[in-house]
Amino acid sequence: YTRGTVTAFSPFDARADAEALRKAMKGMGTDEETVLKILTSRNNAQRQEIASAFKTLFGRDLVDDLKSELTGKFETLMVSLMRPTYIFDAHALKHAIKGAGTNEKVLTEILASRTPAEVRNIKQVYLQEYEANLEDKITGETSGYFQRLLVVLLQANRDPDGRVDEGLVEQDAQVLFRAGELKWGTDEEKFITILGTRSVSHLRRVFDKYMTISGFQIEETIDRETSGDLEKLLLAVVKCIRSVPAYFAETLYYSMKGAGTDDDTLIRVMVSRSEIDLLDIRKEFRKNFAKSLHHMIQKDTSGDYRKALLLLCGGDDE
C-alpha cells in the first residue's frame, strides 16, 4: 500500500519524540501542537516505537497520559492514532457489538470494505485479543438477511480475481435481474450469494451486464427492493466492489454533510485509511463532490482536532 498520506518519518528518533511528548504534557497545561504534529507525521509502526521509548524513559504509559491530558474529539483522534494497526478493526468491531445496541454502521463499513485477507486477520486478532469468536458475537447481535450477508463476508472466501467467464457474468446478471426487478418481493438470498462470493472483476462485469439487461444500475434496484440495515450493507458491498476509495470518499462526505458531524466515522476512516489509500480517497472526493476533502474538514471541524485531521489529510485538492 503506497497510496497513504502518512508514511514513515525520516530521520526517526523514537527517544527524541518520546522526550518531546513528555515535555509537551508535563506540568501545567499541555502543548497540543507538539503532540498532534508528532503523532500525525509518524506512521503507526513508529508511533508504537515512541510508546515503547516513552515507557522505557519515564515508566509511564503514553496512551494513559494522552487520555488524561487531552479531551473530547481531539483526544479520541490521538488515542486512535496510537492504536496498533493490526488491532484497529478488531477493536472497532468489538466496540460496535458491545453492550446495549449494535452499531450496524461500523459492521457494514468494515466488513464491506476489507479484503478477504484483512477479514481473516481481523477474526484471528479478535480471538487472540478478546478470547471470543467474532462470528458468534456478530450473529448474536444481528438477524435476518443482514446477519446472513455479514456471515458470508466473514467467511472471507470471495473468489480470487482471475479470468472472467462472460457466460457466468451473463448468468449472474440474469439471476439478479429475476431476483430483483422481475420478482414480486426480492430473492435476497441470490443477492447475498452472488455479491458475497464472486470475484471483484467478475462482479464489475456483472454490474455492467445488469445495467444492459434491466436499464437500471444495481444500486437503484437494491434501493427500491430492500430497506434498513440490509439495504445499507448491500449498497456498501456494491460500492466497494466498484471502488473502495470512492466508497470511503462518500462515507467521509456524509459524515460531515448537513447539520452535525459523525466524528466517530470521520476519525475511524481518516485513521484507518491514512497509510493505505487516503490519496485515492481524496481524488475520488474531489471528483464526486466538487470540493476537496481538505476544504470540507476545514469547514466542518475546529481547534486542534481540525489541525490534526488536516495534517492527516495532507494536501488540498482545490
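This text goes with the structure placed above it.
This write-up is about the structure you can find in this document. (Residues numbered from 1 in each chain as written. Predicted model: local features only at pLDDT ≥ 70, side-chain atom pairs only at ≥ 80, totals over all residues. Heavy atoms only, no water.)

### Focus on the packing of aromatic side chains
Next up, step 1: Inspection of every chain in the model, using the stated rule, returns 8 aromatic pairs.
Next up, step 2: With a centroid separation of 6.0 Å and 65° between ring planes, the pair formed by Tyr253 and Phe285 is classed as edge-to-face. Taken together, the residues span a long stretch of sequence, with Tyr253 in helix α16 (residues 244–256) and Phe285 in helix α18 (residues 278–289) at a distance of 32 residues. The same class applies to Tyr253 as to Phe285, namely buried.
Next up, step 3: Ring pairing ties together the aromatic residues Tyr253, Tyr254, Phe285 and Phe289, which thus form one cluster.
Next up, step 4: Directly above the ring of Phe216 sits Arg224, whose terminal nitrogen or CZ lies 4.3 Å from the centroid. (Phe/Tyr/Trp six-rings, centres within 6.5 Å; stacked < 30°, edge-to-face > 60°. Helix = DSSP H or I, 4+ residues; strand = E, 2+ residues; numbered from the N terminus. Buried < 20%, exposed > 50% of the residue type's maximum accessible area, 1.4 Å probe, protein only. Lys NZ or Arg CZ within 6 Å of the ring centre and 35° of its normal.)

### A few points about the pattern of salt bridges
Next up, step 1: If you walk through the whole model with that rule in mind, you get 23 salt bridges.
Next up, step 2: Arg42 is the partner of Asp17 in a salt bridge, and the nearest nitrogen-oxygen pair spans 2.7 Å. Of this pair, Asp17 sits in helix α1 (residues 14–25) while Arg42 sits in the loop between α2 (32–41) and α3 (44–58), placing them 25 residues apart in sequence.
Next up, step 3: One connected set of salt bridges, linked through shared partners, spans Glu33, Lys37, Asp304 and Lys307. (Salt bridge = Lys/Arg side-chain N within 4 Å of Asp/Glu carboxyl O.)

### Observations concerning α18
Next up, step 1: Taking 1.5 Å per residue, 12 residues should reach 16 Å; α18 reaches 16 Å between its end C-alpha atoms and fits that length.
Next up, step 2: Every buried residue belonging to α18 is among Leu278, Asp280, Ile281, Arg282, Glu284, Phe285 and Phe289, and all of these are buried.
Next up, step 3: If you follow the buried residues of α18, they end up packed against α16, α17 (263–273), α19 (293–300) and α20 (303–313).
Next up, step 4: Residue Ala290 follows α18 closely and has a positive phi angle near 55°. (Expected span 1.5 Å × (residues − 1). Contact = heavy atoms within 4.5 Å.)

### Focus: the environment of Lys257
Next up, step 1: With respect to the element layout, Lys257 can be found in the loop between α16 and α17.
Next up, step 2: The exposure class assigned to Lys257 is partly exposed, which follows from its relative accessible area of 41%.
Next up, step 3: When the C-alpha positions of Lys257 and Phe191 are compared, they lie 30 Å apart, and in sequence the two are 66 residues distant.

### Structural notes on helix α12 (residues 188–197)
Next up, step 1: Taken as a whole, α12 has its buried residues at Glu188, Phe191, Ile192, Ile194, Leu195 and Gly196.
Next up, step 2: Looking at the packing, one finds that the buried side of α12 touches α10 (144–154), α11 (166–179), α13 (200–214), α14 (218–225) and α15 (228–242).

### Quick word on the side chain of Thr221
Next up, step 1: Looking at where Thr221 falls in the secondary structure, it is placed in helix α14.
Next up, step 2: You can call Thr221 buried: its relative accessible area is 0%.
Next up, step 3: Among the polar contacts listed, one links the side chain of Thr221 to the side chain of Glu181, at a separation of 2.5 Å.
Next up, step 4: If we ignore the near neighbours within four places in the chain, the residues touching Thr221 are Gly180, Glu181, Phe191, Tyr210 and Phe216. (Polar contact = N/O pair within 3.5 Å; in protein donor to acceptor, adjacent residues only side chain to side chain.)

### Some details on unusual backbone geometry
Next up, step 1: Omega for the bond connecting Ser10 with Pro11 falls within 30 degrees of zero, at -5°, which places this linkage in the cis form.
Next up, step 2: For Pro11, the location among the structural elements is in the segment before α1.
Next up, step 3: Despite not being glycine, Ala156 shows a phi value in the positive range, around 55°.
Next up, step 4: Structurally, the position occupied by Ala156 is in the loop between α10 and α11.
Next up, step 5: Under the relative-accessibility criterion, Ala156 is labelled buried at 5%.
Next up, step 6: Of note in this structure, Ala290 is not a glycine but carries a positive phi near 55°.
Next up, step 7: Following the sequence through the fold, Ala290 ends up in the loop between α18 and α19.
Next up, step 8: Looking at Ala290, the relative accessible area reads 64%, which means it is exposed.

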